[in-house]
Amino acid sequence: MIKKKPARSAGRSKSRPASPPRLVDVQITEIGARGDGVGRLGTDQVFVPFTVPGDRVSARVEGKRGDGLAAALVEVAEPGPGRVAPPCPQYGRCGGCSLQHLDDGLYGAWKRDLLITQLSRHGLGDVPMGEMIRVPAGSRRRAVFAVHRSKTVTHLGFNARASHTVVDLDDCLLLERPIAAFLAPLRAILTATVPAGEDGDVTVALTDNGLDVLVELDARLDLFDREKLAAFADAHDLARLSWRRPGSGFVEPIARRKPAVVHFAEIGVEPPPGNFLQPTKGGEHIIARLVTQGVDQAKTVADLYCGCGSFSLPLVRTGASVHAVEGDEAPIRALEAAANQSGLKLTTEVRDLARRPLLVHELKKYQAVVFDPPRAGAQAQAEQLAEGGPATVVAVSCNPATLARDLAILVKGGYRVQSVTPIDQFPFTAHLEAVAVLKRG
Ligand SMILES: C[S@@+](CC[C@H](N)C(=O)[O-])C[C@H]1O[C@@H](n2cnc3c(N)ncnc32)[C@H](O)[C@@H]1O
């Protein structure tokens with residue numbers, strides 16, 4: 001069952017603090033894991049977004065956050081040394097970025113430190129860690145935009161911080177230019193086709209044949225709407241335009257003008273509409289290179305949480321025999337089709353790896369295992385690997401906290417962390433990817 005989301009709006013959030021807001025002076029001493037400045041009020045930690053160490057600020061306490069307090073920045077009384085002018089005019093309103101006010105050196109050091117902190121928490125503070133590889137802003141090739149259709153207009157952009165309020169965007173310095181330029185026409189066609197009061201999402205991905213768009217909004221499209229949408233797809237030379245009504249498993253193809261293809265190791269794959277892709281092409285290439293180097297010429301590799309094969313296909317290209325496993329059937333079918341078309345051999349399996357990880361006797365077939373789970377990590381799989389995994393494991397992650405937990409399980413099971421490489425594909429945010437290579441013994 002799909003839960004109905006709380007209604008979005010373009011106005012103010014209605015949540016209220018438990019006690020009356022109070023203004024306080026705070027000296028910021030560090031930046032926390034979510035990117036907010038941290039100071040103290042008596043014995044309490046207080047989190048103030050958009051601040052840097054050395055700032056003295058006036059802030060409004062808005063409620064509790066964990067063991068501490070959450071506060072909103074009112075004014076910077078004395079700026080700290082690492083503060084710069086944020087480049088985006090929407091910064092502070094839009095929840096897409098939280099760290100544009102940091103100078104580049106401070107930002108880079110803080111972000112790499114996110115991973116060190118999590119590893120240290122799990123007793124892995126001394127593992128060999130490479131420099132952070134940085135993917136520049138302006139290269140996001142996939143984004144999920146929030147939509148709120150009001151009575152008169154359509155709000156389209158990212159949600160405001162900790163809120164369902166949609167902040168309208170006409171540009172965004174994180175995005176590939178064709179996606180940024182598409183925001184205004186997309187807003188106009190949604191106004192023409194979606195009834196007032198609806199909330200939803202639109203996923204836009206830049207494929208090698210143009211934009212691939214999946215609208216997830218409730219609208220009873222009639223023949224005229226479909227014609228309008230098909231003409232829109234023509235006018236903007238879209239690769240594909242699809243529509244899904246929330247709660248329905250059915251994705252309606254509105255226009256499929258060209259194959260919505262992306263290439264992994266020069267092999268064309270057409271992901272299902274809205275499917276996961278690494279957020280940047282540059283980041284994907286870097287991770288795929290670290291993965292193929294990490295498996296170190298293993299002849300038999302299991303690629304777990306494989307998606308559409310962004311690592312499986314480069315691994316097959318190295319000559320490895322690859323078993324690709326994924327919980328979602330549609331990307332597996334896309335990967336199979338791509339392999340068949342290219343005359344490449346690999347085996348596939350649709351399997352829920354959180355509930356049914358590959359067991360020790362199954363792991364025996366492989367010389368190396370790669371895993372790239374969602375943010376929750378791969379605890380169940382790491383436990384099986386710890387009990388009896390192969391000589392090499394390569395862990396890819398978008399969450400330093402669960403990566404550190406999973407690596408600690410592997411280390412306890414006899415693995416040694418050979419290298420960890422942080423990769424920043426999400427500039428100006430607290431999100432960080434990493435690739436870790438582990439060897440047994
Ligand atoms: C971070 S993505 C990585 C995909 C792929 N490696 C890539 O680079 O495009 C995580 C993948 O895990 C899949 N997934 C999520 N939960 C899963 C589960 N319990 N079992 C198997 N696969 C799962 C998702 O469908 C998604 O394709």
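See the structure printed just above.
Because the structure is predicted, anything quoted here is derived from the model rather than measured.

Parameters at a glance
Residues numbered from 1 in each chain as written. Predicted model: local features only at pLDDT ≥ 70, side-chain atom pairs only at ≥ 80, totals over all residues. Near = placed C-beta within 6 Å. Nonpolar A, V, L, I, M, F, W, Y, C, P; charged D, E, K, R; others polar. Pairing = 2+ DSSP bridges. Helix = DSSP H or I, 4+ residues; strand = E, 2+ residues; numbered from the N terminus. Axes fitted to C-alpha atoms, helices over the stretch in contact; angles between N-to-C directions. Contact = placed C-beta atoms within 7 Å. Parallel < 35°, antiparallel > 145°, perpendicular 65-115°, else oblique. Buried ≥ 20, exposed ≤ 12 C-beta atoms within 10 Å, placed from the backbone. Right-handed = clockwise from strand over helix to strand, strands pointing away.

Trainee: Honestly, the site of the ligand in this entry has me stumped. Any pointers?
Mentor: In the neighbourhood of the ligand, 19 residues make up the surrounding shell, with Tyr-305, Gly-307, Gly-327, Leu-353 and Ala-354 lying closest. Of the residues contributing to the shell around the ligand, the split by class is 11 nonpolar, 4 polar and 4 charged.

Trainee: Any chance you could explain the pairing of strand β3 (residues 44-48) here in plain terms?
Mentor: If a strand is regular, its side chains alternate between the two faces of the sheet. As paired strands, strand β2 (residues 37-41) and β3 are joined by 5 bridges and run antiparallel to one another. The residue bridging Gly-39 from the neighbouring strand is Val-46, located in β3. Between the antiparallel neighbours β2 and β3 lie 2 residues, among them Gly-42 with a positive phi of about 60°.

Trainee: Got a minute to help me understand the sheet that holds strand β8 (residues 154-159) in this structure?
Mentor: Backbone-to-backbone hydrogen bonds pair the strands of a sheet. The strands run either parallel or antiparallel. Taken in spatial order, the 7 strands line up as β9-β8-β7-β10-β11-β12-β13 in an open sheet, and their pairing is mixed. Each edge of the sheet is formed by a strand with only one pairing partner; in this case those strands are β9 (166-168) and β13 (252-256). The average undirected angle you get between the axes of adjacent strands in this sheet is 30°. Running at roughly 40° to β13, helix α3 (residues 223-235) makes contact with β12 (240-244) and β13 of the sheet.

Trainee: Got a minute to help me understand the packing of helix α2 (residues 177-193) against α3 in this structure?
Mentor: Geometrically, a packed helix pair is captured by the angle between its two axes and the distance between the axes. Where α2 contacts α3, the axes come no closer than 10 Å and their chain directions differ by 170°. Judged by the inter-axis angle, α2 sits roughly antiparallel to α3. Residues Ile-189, Ala-192 and Thr-193 of α2 form the contact with α3, whose participating residues are Asp-225, Lys-228, Leu-229 and Phe-232. Its residues assigned to classes, the contact of α2 with α3 shows 4 nonpolar, 1 polar and 2 charged.

Trainee: Sorry, what's going on with the pairing of strand β17 (residues 321-326) here?
Mentor: Within β17, 5 of the 6 residues are buried, which leaves it mostly tucked inside the rest of the structure. Note: strand β16 (residues 300-304) against β17, 5 bridges, orientation parallel. In the sheet register, Val-301 faces β17, and the bridge partner there is Val-322. Crossover β16 to β17 through helix α5 (residues 312-317) is right-handed.

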